Amino acid sequence: MEFPVVPNKHTSLLHAGYHHPIHRKWQANAQITSEMLMYPIFVTDNDDVEEKIDTLPGQSRWGINLLVDFLKPLVDNGLKSVILFGVPVKIKKDPVGSAADDPNTPTIRALHLLKKAFPKLLLAVDVCLCPYTSHGHCGVLRDDGTIDNRGSVRRLADISMAYARAGCDMIAPSDMMDGRIKAIKDALVEEGIAHKVSLMSYSAKFASGFYGPFRDACHSTPGSGDRKCYQLPPQSRGLARRALVRDIGEGADVLMVKPGTPYLDILRDARELAPDYPLSVYQVSGEYAMIWHSAQAGVFSLRTGVMESMDGFLRAGANFVLTYYTPQILEWIKEDSN
Ligand SMILES: NCc1[nH]cc(CCC(=O)O)c1CC(=O)O
Ligand SMILES: [Zn+2]
Ligand SMILES: [Zn+2]
């Protein structure tokens, strides 16, 4: 790196840059705002109940009829975007995940409802088969139990179109099948809606141990085997970089790295590989729980732990963060502005 000025006996003195709080703000590469938060929400077809999720303290599966009342105060507090996860409990699961695009599936019903209730809220939907398949995998399987990639991609594109027609603003496939970005983009173009429905790829999604609470929340733990054949090996920087470049080539509008904190190097890689693309990071369920329990145990205050993790994401290059801490952060942003 080139030094901007000739070093002299004063250039090593840094404290003047951070004595005053406003000075410290000027040193920030980026600061979190409400637009940078996307709130993951679990929607169930047990219509009138809130089911608390034990492994995700403070988070619930929401019955359709409670959704609007739950979100109203958050929207009033600055919430700008959500990502919906369907948790069907009444619809039957089958090998091809037919329930994913059934007109009565929770996400489709929620899309219609939320579009009407909150016209300005950006509605993203997670697209995957695992909450809907009897075997719990993210794709369709062959007779020998391995992934049928072509069949899976076809299903995912169909499901994406059903969500797009129901009014979502953004499709977010988390399944990790090869070629799904191209298939979904082609379908959006074919349907004539590629200008208003964007495509966010979970591009660098690792086969992480940090998804446990989520699988519990979604009842989506695979019946047998694991997801290591379609999610990235945690040791691999190279495959993550290839996946990012591949998804750009297939037509992704927004890229994602997931999980967050253990993969900040990948986030920085993504920022450098795709300097002109919006980039998101998913602070996943295990990270949420880890910070929560640490705060409970007195390691730090919840606010300190959460906000320092946000600082890391923004510094590494993220434009926005999917986090279950969205309601708290909105509150803290508001407190700070007063
Ligand atoms: N395709 C399913 C999916 N979508 C988002 C997450 C994880 C999110 C979280 O842990 O918060 C998972 C779990 C998995 O892939 O096993
Ligand atoms: Zn899945
Ligand atoms: Zn395999």
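Predicted model, so just to flag it, every value in this text is computed and none were measured.

A. Molecular detail of the nonpolar core. The biggest cluster of nonpolar side chains holds 93 residues, and the ones touching the most others in it are Val125, Tyr163, Cys168, Ile171 and Val321. When residues no more than four places from it in sequence are discounted, the contact partners of Tyr163 are Thr107, Ile108, Leu111, Val125, Val127, Cys168 and Ile171.

B. Structural detail: the UniProt feature "active site" (unreviewed entry) in the protein chain. Per the UniProt record, "active site" (unreviewed entry) is annotated on Lys205 and Lys258. For the annotated residues, spread through 54 residues, the largest C-alpha to C-alpha distance comes to 4.8 Å, consistent with a single compact locus. Looking at where Lys205 falls in the secondary structure, it is placed in strand 7 (residues 198-205). Dropping the residues within four chain positions of it, Lys205 is found in contact with Ser174, Met176, Gln231, Leu232 and Lys258. Within the secondary structure, Lys258 is located in strand 8 (residues 254-258). Setting aside residues no more than four positions away along its own chain, Lys258 makes contact with Tyr202, Ala204, Lys205, Phe206, Tyr282 and Val284.

C. Broad picture of the UniProt feature "binding site: Zn(2+)" (unreviewed entry) in the protein chain. Taken from the UniProt record, the annotation "binding site: Zn(2+)" (unreviewed entry) applies to Cys128, Cys130 and Cys138. Tracing the backbone shows Cys130 in the loop between strand 5 (122-127) and helix 4 (149-165). Sequence-distant contacts of Cys130, defined by excluding residues within four places in its chain, comprise Gly136, His137, Cys138 and Ser220. Among the residues examined, Cys138 registers 24 C-beta atoms within 10 Å and is labelled buried. Excluding anything up to four places from it in sequence, Cys138 contacts Cys128, Leu129, Cys130, Asp175, Met176, Arg227 and Tyr230.

D. Molecular detail of the site of ligand 1. Residues in close proximity to ligand 1 include Asp126, Cys128, Cys130, Cys138, Ser174, Asp175, Tyr211, Phe214, Arg215, Arg227, Val284 and Ser285, which together make up its full environment. Partitioned by chemical class, the residues of the shell around ligand 1 number 6 nonpolar, 2 polar and 4 charged.

E. Looking closely at the pairing of strand 9 (residues 279-283). Judged by how many residues are buried, strand 9 sits mostly within the fold: 5 of 5 residues are covered. With burial as the criterion, each face of strand 9 is covered, one bearing Leu279, Val281 and Gln283 and the other bearing Ser280 and Tyr282. As paired strands, strand 8 and strand 9 are joined by 3 bridges and run parallel to one another. Residue Val257 lies in a different strand from strand 9, and its bridge partner there is Val281.

F. Quick peek at helix 10 (residues 302-316). Compared with the 21 Å implied by 1.5 Å per residue over 15 residues, the 22 Å span of helix 10 between its first and last C-alpha is a close match. Buried residues of helix 10: Val306, Ser309, Met310, Phe313 and Ala316, and no others. Relative to the axis of helix 10, the buried residues are bounded by an arc of 130 degrees and lie together on one face. Packing partners of the buried residues in helix 10 comprise helix 8 (264-273), strand 9, helix 9 (285-296), strand 10 (320-323) and helix 11 (326-337). Remark: Gly317 follows helix 10 within two positions and exhibits a positive phi of approximately 125 degrees.

G. Representation of the packing of helix 7 (residues 237-250) against helix 8. Packing of helix 7 against helix 8 leaves a shortest axis separation of 10 Å and a crossing angle of 35 degrees. You can see that helix 7 and helix 8 cross each other, and the crossing is right-handed. Across the interface between the two elements, Arg237, Ala240, Arg241, Leu244 and Val245 of helix 7 pack against Asp265, Ile266, Asp269, Ala270 and Leu273 of helix 8. Residues of the contact of helix 7 with helix 8, tallied by class, amount to 6 nonpolar, no polar and 4 charged.

H. Broad picture of helix 8. Those residues of helix 8 lying buried are Ile266, Leu267, Asp269 and Ala270. All buried residues of helix 8 lie within an arc of 160 degrees about the axis, which places them on one face of the element. In helix 8, the exposed residues that point more than 90 degrees away from the buried face are Asp265 and Glu272. Looking at the packing, one finds that the buried side of helix 8 touches strand 7, helix 7, strand 8, strand 9 and helix 10.

Each value, and the rule that gives it
Residues numbered from 1 in each chain as written. Chains lettered and ligands numbered in written order. Predicted model: local features only at pLDDT ≥ 70, side-chain atom pairs only at ≥ 80, totals over all residues. Core = buried A, V, L, I, M, F, W, Y, C linked by C-beta atoms within 7 Å. Buried ≥ 20, exposed ≤ 12 C-beta atoms within 10 Å, placed from the backbone. Contact = placed C-beta atoms within 7 Å. UniProt positions renumbered as here; feature names shortened; annotations may be inferred. Helix = DSSP H or I, 4+ residues; strand = E, 2+ residues; numbered from the N terminus. Near = placed C-beta within 6 Å. Nonpolar A, V, L, I, M, F, W, Y, C, P; charged D, E, K, R; others polar. Pairing = 2+ DSSP bridges. Expected span 1.5 Å × (residues − 1). Arc of directions from axis to C-beta. Axes fitted to C-alpha atoms, helices over the stretch in contact; angles between N-to-C directions. Left-handed = near helix turned anticlockwise from the far one by under 90°.

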